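Geometric and topological summary
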Amino acid sequence: MDGGLRPMDAEQLREHAHKMVDFIADYYKSIENFPVLSQVEPGYLRGILPDSAPNHPESLEDIFNDVRAKILPGVTHWQSPNFFAYYPSNSSIAGFLGEMLSAGLNIVGFSWITSPAATELEMTVLDWLAKLLKLPDDFLSAGEGGGVIQGTASEAVLVVLLAARDKILRRVGKNALEKLVVYASDQTHSALQKACQIGGIHPENCRLLKTDSSINYALSPDVLGEAIAHDISNGLIPFFLCATVGTTSSTAVDPLLLLAKIAKSNGMWFHVDAAYAGSACICPEYRHHIDGVEEADSFNMNAHKWFLTNFDCSALWVKDRNALVQSLSTNPEFLKNKASQANMVVDYKDWQIPLGRRFRSLKLWMVLRLYGIENLQCYIRNHINLAKHFEGLVAQDPRFEVVTPRIFSLVCFRLLSSQNNEDHGNKLNHDLLDVVNSMGKIFISHTVLSGKYILRFAVGAPLTEERHVTAAWKVLQEEASTLLGSL
Ligand code: PLP
């Protein structure tokens, strides 16, 4: 029976996909016309979409009309040149084309045999990126280690935490789980805490060590050493240290070399989270921020943040891939095949949580090939220069202060309270954030450091130019004047 549906008819694909590309190109052309931060109220969509799916097909035109009228108002435009919130999540033509090709081939590459090219391209491209970052050879696929694309930095830290946990439990006995202790700074992304929750690490054994402004919110090796000594004297087992290069709040850089020494002398797994700032380390002048990665057991950077690779693409390297495989592999009958059984291939299903996986390396391959290293370095430098420009503008206005030193493309700043009062200062900055974001011209985000409410201005959207940064500062200045004037 012919149901009439031809879901992958090549000519219909051509026609519809061309229309979709036109739609997306037009979106990018007019992206500055939308409020950057969606201004809808919670539940806005429920009232304007039907209660159930249609019985009969609808036209692509009708769907585009609904996207324009109903979906785009509920979109926060991450690719807008006026998006300065959180950290960026880059798209690019290369990344988009890779994503398209991946969707087109639509393979599920969990084992080598399910698409040898998917596994082998991933290994190759991650070796390329490792070399570009000057990671130690131990992270390359030719030896005992190698790279793998995870969906997110959260999955990356989870899989290495599980590998480290099982490695230590094999040594000290599986009943010791409740004695295992994890260390990181209080600036570490909450992804680590989630990994501990999933990994069965007792919540009271997660040491998020205090940082402060005197060391720019980096983890102090002395504080770490003391915490470890204290735990050992109480019969606990330190097993995992997570350092960050470019913390989420303020781009703090933990001192990898010193921390690595401590981790090593205590037999701990050392993970480096460079989710955002890792991209900057492709430039020789920023590479020193990951000096010490030579001593790490694992290293992670999100190519989907600041490396022009459309979400999702989080690159993780490990020195001992066996540790991952020992924790995460399964070998059911229905997946057995000659290449896997003979141990001749990498089966990435054993390096990650899910079984199924997309052909994500195509995106990274396209980015590296269509742009080339020099252009990618210029791209990073340009954003850092734009952030310097913004920092300079803030520094010239005595009503504001730059709160932490700018290291990459994030500026942490705040409006000063004329009343020299912390609560008042916090409210002032909270109000400033609210008012600028509700105007829709720009979108910035915030954090709290040492009890102070801080504004974050992160440059990194692919379309951002100097004029956008200058205009954003003008919006902030004008709204600050209004707020201060109304006091
Ligand atoms: N680590 C750092 C330093 C981050 O800045 C972020 C997100 O911004 C993450 C981890 C979590 O990233 P993901 O969403 O890829 O899990």
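Structural data are supplied above this passage.
Residues numbered from 1 in each chain as written. Predicted model: local features only at pLDDT ≥ 70, side-chain atom pairs only at ≥ 80, totals over all residues. Heavy atoms only, no water.

For strand 5 (residues 269-273), the buried fraction is high: five of the five residues fall into the buried class. Alternating residues of strand 5 divide into W269, H271 and D273 and F270 and V272, and every residue in both groups is buried. Two elements, strand 4 (residues 237-244) and strand 5, share five bridges in a ladder whose sense is parallel. Looking at strand 5, one finds that C242 is bridged to H271. Both strand 5 and strand 6 (residues 298-302) contribute to a ladder of three bridges, which runs parallel. Looking across to strand 6, one finds that H271 is bridged to S298. (Buried < 20%, exposed > 50% of the residue type's maximum accessible area, 1.4 Å probe, protein only. Helix = DSSP H or I, 4+ residues; strand = E, 2+ residues; numbered from the N terminus. Pairing = 2+ DSSP bridges.)

Before going further, it helps to examine the pairing of strand 2 (residues 180-185). For strand 2, the tally of buried residues reaches six of six residues, placing the bulk of the element in the interior. Residue alternation in strand 2 divides its side chains into two sets, L180, V182 and A184 and V181, Y183 and S185, and both sets are buried. Sheet topology note: the strand 2/strand 4 ladder contains four bridges and is parallel. Each bridged residue has a counterpart across the sheet, and for V181 the counterpart in strand 4 is P238. Taken together, the four bridges between strand 2 and strand 3 (residues 206-209) define a ladder with parallel strand orientation.

Near the ligand, the surroundings consist of 13 residues, among which A153, S154, T248, D273 and N302 are the closest. Contact between the ligand and K305: an oxygen atom at 3.1 Å from a side-chain N or O atom of the residue. Considering the ligand on its own, with 400 Å² of exposed area, one finds that the protein chains cover 86% of that surface. Every element with two or more residues in the shell around the ligand is listed here: helix 5 (153-172) and helix 9 (303-306). (Near = heavy atom within 4 Å. Polar contact = N/O pair within 3.5 Å; in protein donor to acceptor, adjacent residues only side chain to side chain. Areas by Shrake-Rupley, 256 points an atom, 1.4 Å probe, with all protein chains shown as cover.)

This part takes up the side chain of T404. Here T404 is to be found in the loop between strand 8 (400-402) and strand 9 (410-415). Owing to a relative accessible area of 6%, T404 belongs among the buried residues under this scheme. Residue contacts for T404: discarding those within four places in its chain leaves Y217, S250, C412 and L449. (Contact = heavy atoms within 4.5 Å.)

Turning next to the packing of helix 3 (residues 93-105) against helix 12 (residues 361-396). Two numbers describe how helix 3 lies on helix 12: the axes approach to 7 Å, and their chain directions differ by 145 degrees. At the point where helix 3 passes helix 12, the crossing takes the right-handed sense. Across from I93, A94, G95, L97, G98, E99, L101, S102 and L105 in helix 3, the residues of helix 12 making contact are L362, K363, M366, V367, L370 and Y371. When grouped by side-chain class, the residues that make up the contact of helix 3 with helix 12 number ten nonpolar, three polar and two charged. (Axes fitted to C-alpha atoms, helices over the stretch in contact; angles between N-to-C directions. Left-handed = near helix turned anticlockwise from the far one by under 90°. Nonpolar A, V, L, I, M, F, W, Y, C, P; charged D, E, K, R; others polar.)

Moving on, we come to unusual backbone geometry. With an omega dihedral of 10 degrees, the bond running from F311 to D312 counts as a cis peptide bond. Structurally, the position occupied by D312 is in the loop between helix 9 and strand 7 (314-318). Even without being glycine, L308 reaches a positive phi, approximately 60 degrees. Mapped onto the secondary structure, L308 falls in the loop between helix 9 and strand 7. Of the residues examined, L308 reaches a relative accessible area of 8% and is grouped as buried.

Here we take up the sheet that holds strand 8. The strand order across the open sheet built from four strands is 8-9-11-10, with neighbouring strands paired in antiparallel fashion. Since the sheet does not close on itself, it has two edges, and those belong to strand 8 and strand 10 (445-449), each with one partner. Strand-to-strand twist across the sheet, computed as the mean angle between neighbouring axes with direction ignored, equals 40 degrees. Examined bridge by bridge, strand 9 and strand 11 (residues 452-458) share four bridges and lie antiparallel to one another. Each bridged residue has a counterpart across the sheet, and for F413 the counterpart in strand 11 is L455. Docked against the sheet, helix 13 (residues 422-439) engages strand 8, strand 9, strand 10 and strand 11, running at close to 30 degrees with respect to strand 11. Seen against the sheet, helix 14 (residues 466-485) touches strand 8, strand 9 and strand 11 and runs at an angle of roughly 15 degrees to strand 9.

In this structure, F270, F299, F307 and W317 are the most contacted members of the largest nonpolar core, which totals 72 residues. A total of nine residues in this core trace back to one element, the largest contributor, which is helix 12. If we ignore the near neighbours within four places in the chain, the residues touching F299 are L133, L135, F139, H271, V272, A274, I290, V293, A315, L316 and W317. Counting residues in hydrophobic clusters, the runner-up holds 35 residues, among them A163, L180, W269 and L324. (Core = buried A, V, L, I, M, F, W, Y, C linked by side-chain atoms within 4.5 Å.)

For the rest of this paragraph, the subject is the packing of aromatic side chains. Taken as a whole, this structure holds 21 aromatic pairs when the rule is applied. Their ring planes at 80 degrees and their centres at 5.3 Å tell us that Y27 and Y28 sit as a pair that is edge-to-face. A ring pair is formed by F390 and F457, whose centres lie 3.6 Å apart and whose planes are at 0 degrees; its orientation type is stacked. Highlighted residues: F390 in helix 12 and F457 in strand 11, separated in sequence by 67 residues. The burial state of F390 is the same as that of F457; both residues are buried. (Phe/Tyr/Trp six-rings, centres within 6.5 Å; stacked < 30°, edge-to-face > 60°.)

This part is about helix 4 (residues 116-132). In this model, helix 4 (17 residues) spans 24 Å end to end at C-alpha, consistent with the 24 Å of a helix rising 1.5 Å per residue. Of all the residues in helix 4, the buried ones are A118, T119, L121, E122, M123, V125, L126, D127, L129, A130 and L132. The secondary structure elements touched by the buried residues of helix 4 are strand 1 (146-150), strand 6, strand 7 and helix 12. (Expected span 1.5 Å × (residues − 1).)

Pairing within the open sheet is mixed, and its seven strands lie in the order 1-7-6-5-4-2-3. One side of each edge strand has no neighbouring strand; the edge strands of this open sheet are strand 1 and strand 3. In this sheet, neighbouring strand axes are inclined to one another by 20 degrees on average, regardless of whether the strands run parallel or antiparallel. Where strand 1 lies against strand 7, five bridges are found, and the strand directions are antiparallel. From the neighbouring strand, G147 faces strand 7, where its bridge partner is W317. Sitting on the sheet, helix 8 (residues 256-265) is in contact with strand 4 and strand 5, with an inclination near 155 degrees to strand 5.

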